[in-house]
Amino acid sequence: MSDDLLAAVHDRAAEFDRQNRFFHEDLDDLRAAGYLKAAAPVEFGGGGLTLPQLLHEQARLAYHAPATALAVNMHLYWVGTAAYLWRRGDHSIDWILEEAVAGKIFAAGHGEPGNDLGLAGSSVAAEPLADGAYSFHGRKIFTSLSPVWDWLGVHGLDSSDPANPRIVHAFIRRQDPGHRTEETWDAHGVRATKSDDTVLEGVIAPGRHVARVLPAGPPADPFIDGIISSAVLPIGAVYYGVARRAFDLAVEGAKRRISPALNGRTYAHHPQTQTEIAKASIELDSIWAYLSQVADEWVRGEDHGLLWPTKLLGAKQHAVDGARRVVDRATKVAGASSLSKRAELERLSRDVRSGPFHPPNTDATHDLIGQIHLGVFPPVAQAAE
């Protein structure tokens, strides 16, 4: 992404937020720049970006337009998942790479009302049909990219054998009947994502577009590994980018604001300002160090075994929590002007609030990490036996 492209998306971000409007113009620019195929291997005609490189680019994009970066991440992580499997010699979803390079847009249909099991369960019914196909019935929430997706990755529960319930992971096409979008999105922050609800009313995914059928419960499969690594680390990078932008705005503002109490010197000379900036700087560096280390270890194939979820989810959790603290410090340094709807900091302070809600949310993440370390998470218990 060029500096000119990033400047353009930054200039449009405030208006998209005010109007609760999708970022069509940004998407056109990103598509033209080849960013939507950045994670696809060069062998497929993609950019071949590694996970650490993608984190860097997502942080750059989020620095200028958080909602755009967050929504685009939902496409990039499907491409990243397919690339991860391809590099492992698993070609079951190579078609995703081909479609992405051809310009098709993927979105994520994982959010569901009241489902705190994540990918381990689903309130959506997946009904088995002939030839490995499935039809889906239920509701998905937070479908970012809702106005433009060509393919929606969904999961649902196949309970046709009550003794062996299964989670079905598949992809549906926009042009196929049996689904509709309800325009429900009018949120506090990241408004341009247009994360409307998707109602599944019997839409069919043919067998060739069913990626996995796994036992219900905590999933253990390279497909899931690819989703987690390709989704949660770049999400962390998005919120790092938001926090970095807020930090820079606070620093620039402190250098300009004059304090009569300091005999006309700027707020940069105020000890409390210096303390807040120092703490925010340390927090930012720790966020990026954590994300970068985990991403590097992932692509190198470090053997953390069953501790890998603690690394991946821990890095994301540290990023979204730390980003909120940094933005809060930035608004404190900026003062009451950060409350103004004309202030970029006001928008950033809203955008950063959504971070802890990305699945798995804060409580689920802490539960999972604690259970794994304590040996009471099901896969760990089974391994011990």
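Fair warning: this is a prediction, and the values are worked out from it, not measured in the lab.

Cut-off values and rules
- Residues numbered from 1 in each chain as written.
- Predicted model: local features only at pLDDT ≥ 70, side-chain atom pairs only at ≥ 80, totals over all residues.
- Heavy atoms only, no water.
- Salt bridge = Lys/Arg side-chain N within 4 Å of Asp/Glu carboxyl O.
- Buried < 20%, exposed > 50% of the residue type's maximum accessible area, 1.4 Å probe, protein only.
- Core = buried A, V, L, I, M, F, W, Y, C linked by side-chain atoms within 4.5 Å.
- Helix = DSSP H or I, 4+ residues; strand = E, 2+ residues; numbered from the N terminus.
- Axes fitted to C-alpha atoms, helices over the stretch in contact; angles between N-to-C directions.
- Parallel < 35°, antiparallel > 145°, perpendicular 65-115°, else oblique.
- Left-handed = near helix turned anticlockwise from the far one by under 90°.
- Contact = heavy atoms within 4.5 Å.
- Nonpolar A, V, L, I, M, F, W, Y, C, P; charged D, E, K, R; others polar.

### A look at the pattern of salt bridges
Right, on to step 1. All told, the structure shown has 27 salt bridges when counted by the stated rule.
Right, on to step 2. For the salt bridge of R173 with D176, the shortest nitrogen-to-oxygen distance reads 2.9 Å.
Right, on to step 3. Judged by relative accessible area, which is 16%, D176 ranks as buried.
Right, on to step 4. Between D186 and R191 there is a salt bridge, and its shortest N-O distance comes to 2.8 Å.
Right, on to step 5. Through salt bridges that share partners, R139, R180, E182, D197 and E201 make up one connected network.

### Overview of the nonpolar core
Right, on to step 1. One finds F23, F136, L145 and L233 to be the most contacted residues of the largest nonpolar core, which totals 113 residues.
Right, on to step 2. The greatest single-element share of this core, amounting to 18 residues, is contributed by helix α6 (residues 222–256).

### Comments concerning the environment of T365
Right, on to step 1. Structurally, the position occupied by T365 is in helix α10 (residues 362–374).
Right, on to step 2. Its relative accessible area of 1% is what places T365 among the buried residues.
Right, on to step 3. Note: C-alpha distance between T365 and K316 (49 residues apart in sequence) is 9.4 Å.

### Focus on the packing of helix α4 (residues 66–87) against helix α5 (residues 94–101)
Right, on to step 1. The geometry of α4 relative to α5 is characterised by a closest axis approach of 8 Å and an angle of 135° between their N-to-C directions. Classified by the angle their axes make, α4 and α5 are oblique. α4 and α5 meet at a crossing whose hand is left-handed. Taken together, the residues of α5 that come into contact with α4 (itself represented by H75, W78, V79, A82, A83 and W86) are D94, I96, L97 and A100.
Right, on to step 2. Classifying every residue of the contact of α4 with α5 by side-chain character gives eight nonpolar, one polar and one charged.

### Looking at the environment of P309
Right, on to step 1. Relative to the elements of secondary structure, P309 occurs in helix α8 (residues 308–334).
Right, on to step 2. Its relative accessible area of 28% is what places P309 among the partly exposed residues.
Right, on to step 3. Sequence separation between P309 and L368 is 59 residues, and the spatial gap between their C-alpha atoms is 8.2 Å.
Right, on to step 4. Other than its neighbours up to four places away in sequence, P309 contacts G314, L368 and I372.

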